[in-house]
Amino acid sequence: MDDIVREGHPALRTVTEPIKLPLTEEDRETLLCMLQFLKNSQDEEAAAKYKLRSGVGLSANQIGLSKRMFVMFTQDEHGALIEHALVNPKTVSHSVAMVYLPDCEGCLSVDRPVQGFVPRYESVKVKAYDFAAGKEVQLRFKGYTAIVFQHEMDHLDGIMFYDRIDKENPFKLPQGVPIRSLYDRDGE
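Residues numbered from 1 in each chain as written. Predicted model: local features only at pLDDT ≥ 70, side-chain atom pairs only at ≥ 80, totals over all residues. Heavy atoms only, no water.

Caption draft 1: Quick look at the sheet that holds strand S8 (residues 179-181). One open sheet accounts for three strands, arranged S5-S4-S8; its pairing is mixed. Every other strand in the sheet has two partners, leaving strand S5 (120-121) and S8 as the edge strands with one partner each. Sheet analysis places strand S4 (residues 98-100) next to S5, joined by two bridges and oriented antiparallel. Bridge pairing in S5 links Val99 to Arg120. (Pairing = 2+ DSSP bridges. Helix = DSSP H or I, 4+ residues; strand = E, 2+ residues; numbered from the N terminus.)

As structure tokens, then:
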């Protein structure tokens, strides 16, 4: 957790720089370390041993690097493992429908509770260089994985999740678009 920069750090408000391909050995090693951090953070024993907060996504600027890359380690709505190390990601298209997490989003760079709804597109189609595949790929994310992708993309653009919460009424939702809670408050 000591390597994670916290809110207020200028790296979190900086638009990151595209990465030249092929990846350098240093960038490859950084992506592997970032992914291992997420895996350790979700393992109860490792998280307790190293005092880690659980995370499902991590962008390079969260460790102080102005590089356009991030990692995701989570499950989709069917329980399938989602593991990606994405470089120079771009959103190609997105749904009109939106979703939000009922208990707000969290962030490894934010050490305080934040209340409010963060509206996100329900599905996104993206293009990125996928480290594991070793090539540019097109991917579709839906539901929770779409939220994780958009959260990490925001980091790469210097945007924090709470910037998307309505300042006047944190629980106000956008009007004129279909929007729903991804889960009920009991997590179902």
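So that's the structure; there's more coming.
Caption draft 2: Looking closely at the layout of surface pockets. Taken as a whole, the largest pocket spans an internal volume of roughly 380 Å³. Along the walls of the largest pocket sit 20 residues, with Val56, Glu105, Gly106, Cys107 and Tyr144 positioned nearest its centre. With six residues, the top contributor of residues to the lining of the largest pocket is helix H3 (residues 144-156). Among the residues forming the lining of the largest pocket, the class breakdown is nine nonpolar, seven polar and four charged. If you go around the second largest pocket, you meet 13 residues; those closest to its centre are Asp3, Ile4, Cys33, Phe37 and Ile63. Per-element tally for the lining of the second largest pocket: the top contributor is helix H1 (residues 25-42), with five residues. (1 Å grid on protein atoms, 1.4 Å probe; cavity = no way out; pocket = protein on both sides within 12 Å on 5 of 7 lines; lining within 4 Å. Points joined across faces, edges and corners; volume = space filled by probe spheres on them. Nonpolar A, V, L, I, M, F, W, Y, C, P; charged D, E, K, R; others polar.)

Caption draft 3: Main features of the nonpolar core. Formed by 20 residues in total, the largest nonpolar core has its most connected members in Leu23, Leu31, Phe37, Leu38, Leu58, Val71 and Val87. In this view, Leu23 contacts Arg28, Leu31, Val87, Tyr129 and Phe131; residues no more than four positions away in its chain are not counted. Counting residues in each nonpolar core, the second largest holds 15 residues, with Val124, Leu139, Phe141 and Met153 among its members. (Core = buried A, V, L, I, M, F, W, Y, C linked by side-chain atoms within 4.5 Å. Buried < 20%, exposed > 50% of the residue type's maximum accessible area, 1.4 Å probe, protein only. Contact = heavy atoms within 4.5 Å.)

Caption draft 4: Region of interest: the side chain of Glu152. With respect to the secondary-structure elements, Glu152 resides in helix H3. No salt bridge is formed by the buried Glu152. Its closest oppositely charged neighbour is Arg120, at 8.3 Å. In this structure, Glu152 is in contact with Gly57, Leu58, Ser59, Gln62 and Phe70, ignoring residues within four places of it in sequence. (Lys, Arg positive; Asp, Glu negative; His and termini not counted. Salt bridge = Lys/Arg side-chain N within 4 Å of Asp/Glu carboxyl O.)

Caption draft 5: Spotlight on the pattern of salt bridges. For the structure on display, the rule yields 12 salt bridges. Here Asp163 and Arg13 are joined by a salt bridge, their closest N and O atoms 2.5 Å apart. Separated by 150 residues along the polypeptide, Asp163 in the loop between H3 and S8 and Arg13 in the segment before H1 bring together distant segments of the chain. Asp163 sits in the partly exposed class, given a relative accessible area of 32%. The class of Arg13 is partly exposed, set by a relative accessible area of 44%. Salt-bridge contacts for Lys67 lead to Asp27; the nearest nitrogen and oxygen are separated by 2.5 Å. Here Lys67, found in the loop between strand S1 (57-59) and strand S2 (69-75), pairs with Asp27, found in helix H1; they are 40 residues apart in sequence, far enough to count as distant. By relative accessible area, Asp27 is classed as buried at 5%. Salt bridges sharing partners connect three or more residues here, namely Glu105, Arg120, Asp154 and Arg164.

Caption draft 6: Layout of the environment of Val71. Tracing the chain through its elements places Val71 in strand S2. Here the alpha-carbon distance between Val71 and Leu31, two residues 40 residues apart in the chain, equals 7.0 Å. Those residues within four positions of Val71 in sequence are excluded, and the remaining contacts are Leu31, Met34, Leu35, Leu38, Val56, Gly57, Leu58, His84 and Ala85.

Caption draft 7: Spatial organisation of the packing of aromatic side chains. Inspection of every chain in the model, using the stated rule, returns six aromatic pairs. Each ring, one from Tyr144 and one from Tyr183, has its centre 6.5 Å from the other, and the planes form 45°; the classification is tilted. Here Tyr144 is found in helix H3, whereas its partner Tyr183 is found in the segment after S8, with 39 residues between them in sequence. Looking at Tyr144, the relative accessible area reads 24%, which means it is partly exposed. Look at Phe161 and Tyr162: their rings are 5.4 Å apart centre to centre, the planes differ by 70°, and that puts the pair in the edge-to-face class. Here a set of aromatic residues connected by ring pairs shows up, and it is made of Phe70, Phe141 and Phe149. Its end group placed over the ring of Tyr162, Arg112 keeps NZ or CZ at 5.1 Å from the ring centre. (Phe/Tyr/Trp six-rings, centres within 6.5 Å; stacked < 30°, edge-to-face > 60°. Lys NZ or Arg CZ within 6 Å of the ring centre and 35° of its normal.)

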